[in-house]
Amino acid sequence: MQPTQAPIQIPEVIQLIDLKYYLIISTALFVIGIIGVLTRRNAIIIFMSIELMLNSVNLLLIAFSSYRSDPTGQVFVFFIMAVAAAEVAVGLAIIVMIYRNTRSIDVGLLNKLKW
Amino acid sequence: MKATEIIFYVLTAITLLSASFVVTARNPVHSVLALILTFFCLTGHYVLMNAQFLAAVNIIVYAGAIMVLFLFTIMFLNLQKEDEESKTTLTKMAAVVVGGVLLVVMVAVFRAASVAPYDPATYNTRVGLVESLGMVLYKDYLLPFELASVLFLVAMVGAVMLGKREPGDRHF
């Protein structure tokens, strides 16, 4: 016997707000992340800007997935979150090591690979 | 204007403002706090779109684990003092121009693109719930799911190895 499930309405935001708004929001978030990476020299803040960019992509994938009612996009977001968690762990370990060697986390000091 | 629309616009405004504050704040701790606010607003967006599972995961993974790592590192390295020498004004202007041009180009593309509206006849309201996501995850994406565990193992070993102090290293 199937358990009775309460019917869920179509989310109101999907009926009221056009998908293009979500496109523009996530583009704006991504651009803010890019500007952060380009303007700051603090390695941790650059890292946080990368997190912002990852999250803007997550927002876009979830918006498309729920507007199209296709669960695949949300599974992809799940994988992006897993990879982001692993990336943060390794990246912060690298930053700690850089600090240990140079007493600073200014990325301007790490210019051996420049040009 | 309905309540949902008001919530949507308010959430959007807070998201973008706190994201800008992440980039512009001088103190890294303020940046992390603004980033947490951004993540909570994004979670609000996910709840609005009925992506309940990912809303919970976003809180647990991002606002929980990742932000604790960031805060811990910042306090570990004692970076509250503002000793960061900023880039030149020319570099900053160039960066903002690059970002602005990208935004304008993308918005122009979106204006030209036609996005089909949702289809009420075939809409499945249970898409964002654990049940349907679990079905897709464990049927169609089982191999990537298992590979993610290998990735975590590698990341864990790598983080421990990088963070370990070698004999002869300086203390903090």
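Worth saying up front: this structure is predicted, and the values here are computed from it rather than measured.

Cut-offs used in this document
- Residues numbered from 1 in each chain as written.
- Chains lettered and ligands numbered in written order.
- Predicted model: local features only at pLDDT ≥ 70, side-chain atom pairs only at ≥ 80, totals over all residues.
- Heavy atoms only, no water.
- Helix = DSSP H or I, 4+ residues; strand = E, 2+ residues; numbered from the N terminus.
- Rg over C-alpha atoms; globule rule 2.2 N^0.38 Å.
- Buried < 20%, exposed > 50% of the residue type's maximum accessible area, 1.4 Å probe, protein only.
- Areas by Shrake-Rupley, 256 points an atom, 1.4 Å probe, with all protein chains shown as cover.
- Lys, Arg positive; Asp, Glu negative; His and termini not counted.
- Charge placed at Lys NZ, Arg CZ, Asp CG, Glu CD.
- Contact = heavy atoms within 4.5 Å.
- Buried area = accessible area lost by both parts, 1.4 Å probe.
- Salt bridge = Lys/Arg side-chain N within 4 Å of Asp/Glu carboxyl O.
- Polar contact = N/O pair within 3.5 Å; in protein donor to acceptor, adjacent residues only side chain to side chain.
- Nonpolar A, V, L, I, M, F, W, Y, C, P; charged D, E, K, R; others polar.
- Core = buried A, V, L, I, M, F, W, Y, C linked by side-chain atoms within 4.5 Å.
- Expected span 1.5 Å × (residues − 1).
- Axes fitted to C-alpha atoms, helices over the stretch in contact; angles between N-to-C directions.
- Parallel < 35°, antiparallel > 145°, perpendicular 65-115°, else oblique.

A. The arrangement of the overall build of chain A in detail. Tallying secondary structure elements over chain A gives 4 helices and 0 strands in all. Traced from its N-terminal end to its C-terminal end, chain A shows the element sequence α-α-α-α. Against the globule reference of 13 Å for 115 residues, chain A gives a C-alpha radius of gyration of 20 Å, more extended than a compact globule. When its C-alpha atoms are laid out on the principal axes, chain A stretches across 65 × 35 × 20 Å. Counting only residues that meet the buried cut, chain A has 56% of its 115 residues in that class. Entry remark: accessible area of chain A is about 5200 Å², with carbon and sulfur atoms responsible for 67%. Considering chain A, the positive charge centre built from 8 side chains and the negative charge centre built from 6 side chains are found 18 Å apart.

B. Main features of the interface of chain B and chain A. Facing the 92 residues of chain B at the interface are 81 residues of chain A. Counting the surface lost from both chain B and chain A, the interface buries some 8000 Å², and carbon and sulfur atoms represent 74% of this. Applying the counting rule to chain B against chain A returns 0 salt bridges. At the surface where chain B touches chain A, the tally comes to 10 residue pairs in polar contact (both at pLDDT 80 or more). Only helix H1 (3–24), helix H2 (28–48), helix H3 (52–77), helix H4 (89–112), helix H5 (130–139) and helix H6 (142–163) of chain B provide two or more residues apiece to the side of chain B that touches chain A. It is H3(B) that provides the largest number of residues to the side of chain B that touches chain A, a total of 13 residues. Residues that form the side of chain B that touches chain A fall into these classes: 57 nonpolar, 21 polar and 14 charged.

C. Quick peek at the nonpolar core. Counting residues in hydrophobic clusters, the biggest one holds 55 residues, and the most contacted among them are A:Tyr22, A:Met48 and B:Phe70. Breaking this core down by element, the ones donating at least two residues are helix H1 (12–16), helix H2 (19–39), helix H3 (43–68) and helix H4 (72–102) of chain A together with H1, H2 and H3 of chain B. Beyond its immediate sequence surroundings of up to four residues, A:Met48 is in contact with B:Val22, B:Pro28, B:Ser31, B:Val32, B:Leu35, B:Phe70 and B:Ile74. Listed in part, the 6 residues of the second largest apolar core include A:Val75, B:Val136, B:Leu137 and B:Tyr141.

D. Spatial organisation of the side chain of B:Thr12. In this structure, B:Thr12 sits in helix H1. From its side chain, B:Thr12 meets the backbone oxygen of B:Phe8 in a polar contact 2.7 Å long. Beyond its immediate chain neighbours, meaning those up to four positions away, B:Thr12 contacts A:Ile25 and B:His45.

E. Molecular detail of H4(B). Between the first and last C-alpha of H4(B) there are 35 Å, a value that for 24 residues agrees with the 34 Å anticipated at 1.5 Å per step. Looking at H4(B), one finds that the buried residues are B:Ala95, B:Gly99 and B:Phe110. Buried positions along H4(B) lie against H2 of chain A.

F. Here's a closer look at the packing of H3(A) against H3(B). Contact pair H3(A) / H3(B): the axes reach a minimum separation of 12 Å and the direction vectors enclose 175 degrees. Taken together, H3(A) and H3(B) sit at an angle that is classed as roughly antiparallel. Contacts between H3(A) and H3(B) involve A:Ile44, A:Phe47, A:Met48, A:Glu51, A:Leu54, A:Asn55, A:Asn58 and A:Ile62 on the former and, on the latter, B:Leu54, B:Asn58, B:Tyr62, B:Ile66, B:Phe70, B:Thr73 and B:Ile74. Split by residue class, the contact of H3(A) with H3(B) holds 10 nonpolar, 4 polar and 1 charged.

Taken by themselves, the reported measurements are silent on function.
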